[in-house]
Amino acid sequence: SSGIRLLFSVTALSAIVISTGALAMMSCCLNEMIKAGLLFSVFMSLLVGMFGILNGQFWIGLFGIFSFLVGACYAKLVWSKIPFAEANLKTALVAVKANWGLGVFAYSMIILAYAWSVFWFMGFGDAIDRGNWGLLVGLLFSYYWVFNVLFNTLVVTTIGTVGTW
C-alpha cells in the first residue's frame, strides 16, 4: 500500500512539474514545439520499424515503417499550417493566463485523480486477493469512468471560461 502511494505521489508530482514546464515552454517557443512534436512522432515510428526489423519482429517492423510513411506524409501535408495552429494556441494561452482559476482547477483535478488512483488501486488489490472477478471488471469500468468524468469536467470548465472571456 505504501509502495502504491509512493508511486502515485511521484507520478502526480511529475504531472504537475511537466504540465507547468510545458506551459512555460509554450509561452516562449510554441512554433518550435509544434514542429518538434510532429517530427518526434514521425521519427519514433521509424525507430520502432527499424528495431522491429533488427530484432526479427517482421510485423512490428512493417507496422513501424508503414506508420513512419503515413506520418511523414501527414507532416509534409500540415507543415504549412503550423503558423495557423500556433496562432490558435497563442490565443488559447492568453485566455488561460487571463483566467488563473483554470490553472488552480486543473491542478486540483490532478490531485483528485491522484487520490482516486490510490483509493482505487487499494480496492483493486483487495479484489485480486479475494479472486472476485466481477468486482475487478466493475472496478476497471469505474476507473475509466471517473477519469473520463474528471477530464471532461476540466474540458467543459475550460471551454466555458474561455468562451465567456
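Everything that follows concerns the structure shown earlier in this document.
Residues numbered from 1 in each chain as written. Predicted model: local features only at pLDDT ≥ 70, side-chain atom pairs only at ≥ 80, totals over all residues. Heavy atoms only, no water.

Novice: Quick question: what am I supposed to make of the environment of valine 104 here?
Specialist: Summarising the element assignment, valine 104 is placed in helix 5 (residues 100-130). Owing to a relative accessible area of 48%, valine 104 belongs among the partly exposed residues under this scheme. Sequence-wise, valine 104 and phenylalanine 121 are 17 residues apart; in three dimensions their C-alpha atoms are separated by 26 Å. (Helix = DSSP H or I, 4+ residues; strand = E, 2+ residues; numbered from the N terminus. Buried < 20%, exposed > 50% of the residue type's maximum accessible area, 1.4 Å probe, protein only.)

Novice: Which parts of the structure should I look at to understand helix 5?
Specialist: It helps to recall that an α-helix has 3.6 residues per turn; residues three or four apart then point in one direction. In this model helix 5 runs 46 Å from its N-terminal to its C-terminal C-alpha over 31 residues, within 8% of the 45 Å that 1.5 Å per residue would give. When helix 5 is considered as a whole, its buried residues turn out to be Leu102, Met109, Ile110, Ala113, Trp116, Ser117, Val118, Trp120, Phe124 and Ala127. Those residues of helix 5 hidden inside the fold are in contact with helix 1 (2-28), helix 4 (82-98) and helix 6 (133-163). Where helix 5 ends, the next residue or the one after it, glycine 131, has phi of about 70°, a positive value. (Expected span 1.5 Å × (residues − 1). Contact = heavy atoms within 4.5 Å.)

Novice: For this particular structure, what's the right way to read the state of the cysteines?
Specialist: Note: disulfide means a covalent bond formed between the sulfur atoms of two cysteine side chains. Evaluation of the coordinates by the stated rule reveals zero disulfides. With no disulfide of its own, cysteine 28 lies 3.3 Å from the sulfur of cysteine 29, the closest cysteine sulfur. Using a relative accessible area of 60% as the deciding quantity, one classes cysteine 28 as exposed. (Disulfide = S-S within 2.5 Å.)

Novice: Help me understand helix 2 (residues 30-54), please; the structure alone is not making it clear to me.
Specialist: With 25 residues, helix 2 extends 36 Å between its outermost C-alpha atoms, agreeing within 8% with the 36 Å of an ideal straight helix rising 1.5 Å per residue. Burial in helix 2 covers these residues: Leu30, Asn31, Ile34, Leu38, Val42, Ser45, Gly49 and Gly52. For helix 2, the elements touching its buried residues are helix 1, helix 3 (58-78) and helix 4. Two residues or fewer past helix 2, glycine 56 is found with a positive phi of approximately 75°.

Novice: Whenever I open this one, the pattern of salt bridges confuses me. Can you help?
Specialist: Where charged atoms from two side chains of opposite charge come close, those side chains can pair. Inspection of the entire model under this criterion finds two salt bridges. Here lysine 90 makes a salt bridge to glutamate 86, at a shortest N to O gap of 3.4 Å. Pair noted here: lysine 90 and glutamate 86 are both in helix 4, with a separation of four residues, about one helical turn. Judged by relative accessible area, lysine 90 falls into the partly exposed class, the value being 46%. (Salt bridge = Lys/Arg side-chain N within 4 Å of Asp/Glu carboxyl O.)

Novice: Explanation requested: the packing of helix 1 against helix 5 in the structure shown.
Specialist: Describing two packed helices takes the angle between their axes plus the distance from one axis to the other. Where helix 1 meets helix 5, the axes come as close as 10 Å, and the angle between the chain directions of the two elements is 160°. Here helix 1 is positioned roughly antiparallel relative to helix 5, judged by the angle of their axes. As for the relative orientation of helix 1 and helix 5, their crossing is right-handed in sense. Residues Ile4, Arg5, Phe8, Ser9, Ala12, Ala15, Ile16, Ser19 and Thr20 of helix 1 pack against Tyr107, Ile110, Tyr114, Ser117, Val118 and Phe121 of helix 5. Partitioning the contact of helix 1 with helix 5 into residue classes produces 10 nonpolar, four polar and one charged. (Axes fitted to C-alpha atoms, helices over the stretch in contact; angles between N-to-C directions. Parallel < 35°, antiparallel > 145°, perpendicular 65-115°, else oblique. Left-handed = near helix turned anticlockwise from the far one by under 90°. Nonpolar A, V, L, I, M, F, W, Y, C, P; charged D, E, K, R; others polar.)

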